[in-house]
Amino acid sequence: MTTETQQAVLAEIDKALSSERDPTRVMEQVVAVLKREMPAYTWVGIYLLEGDELVLGPFLGKPSPHTRIPLARGICGAAATEKQTIIVDDVHADPRYLACSLETRSEIVVPILSGAQVLGEIDIDSDRAAAFGAPDKSLLEAVASRLATKLKDRTS
Ligand code: SME
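Residues numbered from 1 in each chain as written. Predicted model: local features only at pLDDT ≥ 70, side-chain atom pairs only at ≥ 80, totals over all residues. Heavy atoms only, no water.

## Focus on the site of the ligand
Which entries qualify depends on this criterion: Here a residue counts as near a molecule or strand whenever at least one of its heavy atoms sits within 4 Å of it. Two N or O atoms count as a polar contact when they lie within 3.5 Å, although within protein this holds only if one can serve as hydrogen donor and the other as acceptor, and sequence-adjacent residues are included solely when both atoms are side-chain atoms. A run of DSSP states H or I qualifies as a helix once it reaches four residues; a run of E qualifies as a strand once it reaches two. Both are numbered from the N-terminal end. Only Asp, Glu, Lys and Arg are considered charged in this grouping, and only Ala, Val, Leu, Ile, Met, Phe, Trp, Tyr, Cys and Pro are considered nonpolar; every other residue, Gly among them, is considered polar.
Taken together, 13 residues surround the ligand, and among them Ile75, Cys76, Leu98, Glu107 and Asp125 come closest. Contact distances for the ligand include 2.8 Å between an oxygen atom and a backbone N or O atom of Leu98. Within the contact set of the ligand, a nitrogen atom lies 2.9 Å away from a side-chain nitrogen or oxygen of Glu107. Only strand E1 (43-50), helix H3 (74-82) and strand E6 (117-126) provide two or more residues apiece to the shell around the ligand. A total of three residues in the shell around the ligand trace back to one element, the largest contributor, which is H3. Considering only residue class, the shell around the ligand consists of eight nonpolar, two polar and three charged.

Next up, the structure:
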């Protein structure tokens with residue numbers, strides 16, 4: 001992904017969010033822009049932390065069986081617990097992986113952090129092996145920071 005693509009996607013997200021305050025609509029807009037603009041992003045979803053479970057919110061792609069994930073499980077649980085982005089190049093080689101679709105080959109999970117507090121995370125699957133790299137990490141961490149700003153009032 002070029003820096004131009006990254007900036008264009010961020011600009012589009014900023015535009016979509018500029019007049020949006022409803023948390024569900026904010027998440028829907030982010031998911032829609034990422035799914036539309038990034039061809040390798042086969043499944044795009046947002047989980048929100050509720051107690052010690054991650055609860056699936058807006059997503060695009062095939063329905064996932066994992067609508068509630070305990071913090072102790074999955075790549076999703078690991079990213080929230082470690083409070084850092086996890087990239088898995090080959091999901092079948094990662095024992096933490098909870099399968100969502102048979103076609104999925106790689107995954108990135110980016111926590112949505114407000115200071116040290118985990119609000120949720122962006123989870124993206126690709127049907128391509130090793131589809132995610134440093135540019136995806138930096139794009140999605142910038143998106144997660146925008147989401148944190150919009151979502152943090154929801155919990156306060
Ligand atoms: N693969 C995730 C579960 C969520 S689905 O991919 C949508 C995990 O291992 O935590």
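## A short note on helix H2 (residues 23-37)
Where we set the bar: Helix span, as expected, comes to 1.5 Å for every residue beyond the first. Relative accessible area decides the class of each residue, using a 1.4 Å probe on protein chains only: under 20% of the type maximum gives buried, over 50% gives exposed, and in between gives partly exposed. Note that the arc is defined by the directions from the helix axis to the C-beta atoms.
For H2, which comprises 15 residues, the first-to-last C-alpha distance of 21 Å matches the rise-based estimate of 21 Å (1.5 Å per residue) to within 8%. What H2 keeps buried is the set Val26, Met27, Val30, Val31, Val33 and Leu34. For H2, the buried positions fall inside an angular range of 165 degrees around the axis, keeping them on one side.

## Notes on the state of the cysteines
Threshold: Criterion for a disulfide: a pair of cysteine sulfur atoms within 2.5 Å.
One pass over the full model with this rule turns up zero disulfides. Unpaired in this structure, Cys76 has its nearest cysteine sulfur neighbour in Cys100, at a distance of 9.0 Å.

## Some thoughts on unusual backbone geometry
Not every positive phi belongs to a glycine, and Lys83 is a case in point at roughly 55 degrees. Structurally, Lys83 can be placed in the loop between H3 and strand E4 (86-88). By relative accessible area, Lys83 is classed as partly exposed at 40%. Its identity is not glycine, yet Ala130 carries a phi of approximately 45 degrees, on the positive side. Take Ala130: it is sitting in the loop between E6 and helix H4 (134-155). We classify Ala130 as partly exposed; its relative accessible area is 44%.

## Regarding the side chain of Ser64
Here is the rule we go by: Residue contacts follow a heavy-atom distance rule, with two residues in contact if any of their heavy atoms lie within 4.5 Å.
Here Ser64 lies in the loop between strand E2 (53-60) and strand E3 (68-70). Among the polar contacts made by the side chain of Ser64, one reaches the main-chain amide nitrogen of His66 at a distance of 2.9 Å. The residues touching Ser64, leaving out its near neighbours within four places in the chain, are Trp43, Tyr47, Leu56 and Cys100.

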